[in-house]
Amino acid sequence: MGKKILVVDDDPNARELIRLALSKYDCNVVEAANGQEGLTMAINQQPNLIITDHLMPNFTGYELFQKVRSDGNLKRTRFIMVTSKHFDAEFPELLKLEGCDFVSKPFHVAALIGSIERLLGPLPFRL
């Protein structure tokens, strides 16, 4: 099996869209419905990449990033932050995050795949 990707979003439709977009690639997609669940899944699943919504219940994608990166086993985990808010108080800080890319909602699947491949390298197709 290819890379493991954790999708964290409180919107089940957004999670489904990402899961379907990745279904033709050789990767294992796991899902979480909020930041706390995402943190637990990250610790247990050790994903190569976390695709997270920025604004969610429990804590934001930025807070999830900080908590994951503070774990020694996860400090190199790559992130894609999906956000519909282009200009909020945290945005300048978000741009400085190493190993983190950003995709604006609504997004084109090609843009998301491009962002994933920038962080992880080429995704092979499922055979």
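Predicted, not measured: the structure shown is a model, and the values here were computed from it. (Residues numbered from 1 in each chain as written. Predicted model: local features only at pLDDT ≥ 70, side-chain atom pairs only at ≥ 80, totals over all residues. Heavy atoms only, no water.)

> Teacher, can you tell me more about the overall build of the protein chain here?
Scanning the protein chain for helices and strands turns up five helices and five strands. For the protein chain, the share of sequence-separated contacts (at least 6 apart) that also reach a separation of at least 24 residues comes to 62%. In the form shown here, the protein chain has an accessible surface area of approximately 6,700 Å², with 52% of it arising from carbon and sulfur atoms. (Helix = DSSP H or I, 4+ residues; strand = E, 2+ residues; numbered from the N terminus. Contact = heavy atoms within 4.5 Å. Areas by Shrake-Rupley, 256 points an atom, 1.4 Å probe, with all protein chains shown as cover.)

> Can you walk me through the packing of aromatic side chains in this structure?
Ring pairs (aromatic) are described by centroid distance and by the angle formed between their planes. Going through the model one piece at a time under the given rule, you end up with two aromatic pairs. A ring pair is formed by Phe65 and Phe79, whose centres lie 4.8 Å apart and whose planes are at 65°; its orientation type is edge-to-face. Residue Phe65 is found in helix 3 (residues 61-69), and its partner Phe79 is found in strand 4 (residues 78-83); the two are separated by 14 residues along the sequence. By relative accessible area, which is 0% here, Phe79 ends up buried. Across from the ring centre of Phe59, 5.1 Å away, lies the NZ or CZ of Lys67, which sits over that ring. (Phe/Tyr/Trp six-rings, centres within 6.5 Å; stacked < 30°, edge-to-face > 60°. Buried < 20%, exposed > 50% of the residue type's maximum accessible area, 1.4 Å probe, protein only. Lys NZ or Arg CZ within 6 Å of the ring centre and 35° of its normal.)

> Just to check I follow, could you spell out the pairing of strand 3 (residues 49-53) for this structure?
When a strand is regular, its side chains alternate between the sheet's two faces. Within strand 3, five of the five residues are buried, leaving the element largely enclosed by the surrounding structure. Side chains of strand 3 alternate between two faces, with Leu49, Ile51 and Asp53 and Ile50 and Thr52 buried alike. In this region the chain leaves strand 3, passes through helix 3 and returns to the parallel neighbour strand 4; the handedness of that crossover is right-handed. (Right-handed = clockwise from strand over helix to strand, strands pointing away.)

> In this structure, what is going on with the packing of helix 2 (residues 35-45) against helix 3? I would like to understand it.
Between two packed helices, what matters for the description is the angle formed by their axes and the separation of those axes. Their axes nearest at 10 Å, the elements helix 2 and helix 3 cross at an angle of 25°. Judged on the interaxial angle alone, helix 3 and helix 2 are roughly parallel. Between helix 2 and helix 3 lies a crossing of right-handed hand. On helix 3, the residues that touch Gly35, Gly38, Leu39 and Ala42 of helix 2 are Leu64, Lys67 and Val68. (Axes fitted to C-alpha atoms, helices over the stretch in contact; angles between N-to-C directions. Parallel < 35°, antiparallel > 145°, perpendicular 65-115°, else oblique. Left-handed = near helix turned anticlockwise from the far one by under 90°.)

> Got a minute to help me understand the pairing of strand 2 (residues 27-32) in this structure?
One ladder, built from six bridges, connects strand 1 (residues 3-8) with strand 2; its direction is parallel. Within strand 2, the residue paired with Val8 across the bridge is Ala32. Each parallel crossover has a hand, and for strand 1 linked through helix 1 (residues 12-22) to strand 2 it is right-handed. (Pairing = 2+ DSSP bridges.)

> For this particular structure, what's the right way to read the pattern of salt bridges?
Once the charged atoms of two side chains with opposite charge are near each other, the side chains can pair. Tallied over the full model, the rule gives five salt bridges. Here Glu31 ties to Arg19 by a salt bridge, and the two come within 2.5 Å at their closest N and O atoms. Taken together, the residues Glu31 in strand 2 and Arg19 in helix 1 connect sequence positions twelve residues apart. Its relative accessible area of 25% is what places Glu31 among the partly exposed residues. (Salt bridge = Lys/Arg side-chain N within 4 Å of Asp/Glu carboxyl O.)

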